[in-house]
Amino acid sequence: MPPPGSPRAMTSTVQTLRFRLLPHDTGQEWVPSCEQEIERQYQAVPSVVCAMCCLFGIIYCFFGYRCFKAVMFLTGLMFGSIIIFMLCYKERVLDTQLSVEASVGIGLGIGVLCGLVTMLVRSVGLFMVGLLLGLLLALATLVAMEQFYHPPTVWIPIGLLLGVGMLGAVLTLQWQKLFTTLSTAVFGSAIMTVTIDYFIELLLLVQYVYERVKVAPARPMCWYSWVILGVWPVLATLGVLVQWKVTAEGYSHTEGSRCQGGCRIRVPGEF
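Residues numbered from 1 in each chain as written. Predicted model: local features only at pLDDT ≥ 70, side-chain atom pairs only at ≥ 80, totals over all residues. Heavy atoms only, no water.

Chemist: Even after reading the chapter, I still don't get the overall build of the protein chain, so can you show me in this structure?
Modeler: Each helix and strand counted, the protein chain has 9 helices and 0 strands in total. Helices and strands in the protein chain line up, N terminus first, as α-α-α-α-α-α-α-α-α. Counting every position in the protein chain, which comprises 271 residues, the buried fraction comes to 43%. Excluding contacts between residues fewer than 6 apart, the proportion of contacts in the protein chain whose partners are at least 24 apart in sequence is 71%. (Helix = DSSP H or I, 4+ residues; strand = E, 2+ residues; numbered from the N terminus. Buried < 20%, exposed > 50% of the residue type's maximum accessible area, 1.4 Å probe, protein only. Contact = heavy atoms within 4.5 Å.)

Chemist: Help me out: how do you make sense of the packing of aromatic side chains in this one?
Modeler: When we look at a pair of aromatic rings, we describe it by the centre distance and by the angle of the planes. If you walk through the whole model with that rule in mind, you get 5 aromatic pairs. Across the ring face of tyrosine 208, the terminal group of arginine 212 is positioned such that the distance to the ring centre comes to 4.6 Å. Its end group placed over the ring of tryptophan 244, lysine 245 keeps NZ or CZ at 4.5 Å from the ring centre. (Phe/Tyr/Trp six-rings, centres within 6.5 Å; stacked < 30°, edge-to-face > 60°. Lys NZ or Arg CZ within 6 Å of the ring centre and 35° of its normal.)

Chemist: What is the right way to look at the packing of helix α7 (residues 176-201) against helix α8 (residues 204-213) in this model?
Modeler: In a packed pair of helices, the relevant descriptors are the angle between the two axes and the axis-to-axis distance. Closest axis-to-axis distance for the α7/α8 pair is 7 Å, and the angle between their directions is 120°. Judged by the inter-axis angle, α7 sits oblique to α8. Seen from α7, the contacting residues are Thr193, Val194, Asp197 and Glu201; seen from α8, they are Leu204, Leu205 and Val206. Its residues assigned to classes, the contact of α7 with α8 comprises 4 nonpolar, 1 polar and 2 charged. (Axes fitted to C-alpha atoms, helices over the stretch in contact; angles between N-to-C directions. Parallel < 35°, antiparallel > 145°, perpendicular 65-115°, else oblique. Nonpolar A, V, L, I, M, F, W, Y, C, P; charged D, E, K, R; others polar.)

Chemist: Mind showing me how you'd approach unusual backbone geometry here?
Modeler: When glycine is set aside, most residues are seen to have a negative phi, and most peptide bonds are trans. With a phi angle near 55°, leucine 202 is a residue other than glycine that sits in the positive phi range. Tracing the chain through its elements places leucine 202 in the loop between α7 and α8. What makes leucine 202 buried here is its relative accessible area of 1%. Positive phi values are uncommon outside glycine, yet leucine 203 reaches one of about 70°. If you trace the backbone, leucine 203 turns up in the loop between α7 and α8.

Written as structure tokens, this is what we have:
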């Protein structure tokens, strides 16, 4: 059994979670070839979860700045739930190996508390939103960089994720409306892209991105994966334009504004 926290343990966790999203009788391997036909036999629960995630992605992408408090809460909920789930699922708690269901319950409970913190403490919420933007941009950079250069060590992706993530967080704290709009559009479009990836090729694109983080040996990505990946920047651009021109126009949640919490005001010169 690999030690907790090792790359091999993290890989087994991702494989386990992906296996739960796939039908148990498909016989598909973890790395199918491009010529292999994918049997799309979906389970009800994962399909419903992906559909709900797509709905949240639409709200993020096109109404992110308008639903400012909700976005702050959901961002904290997501970060807290995922981190705590990974810790509980791979680590022993009180000398007991927790099940997936128990880990999910603990992760959601602590995630709700994190969501309340990010919703009530503006600076924390903005920091997390900017960090999310930086992480997504760093992942896109890793995918693009793989076409020309394969990192020799895992510290290069880790450094890129941390550096770009922190840069995004600082920029969001400085220019709140601009980068909140950009972050919500990018993240919402990423959620919708992952949903499309699940229903078309059962998360093969997500697997490819994860392999770039852990510096796995490069393998060619199928043409339909590139098409799905191309949906991400298109939706992100559309989301920014819709928020800028329609849903976020005239709204300001910036500190120091006279009207807070979604009131319709106009701030001269504000994006």
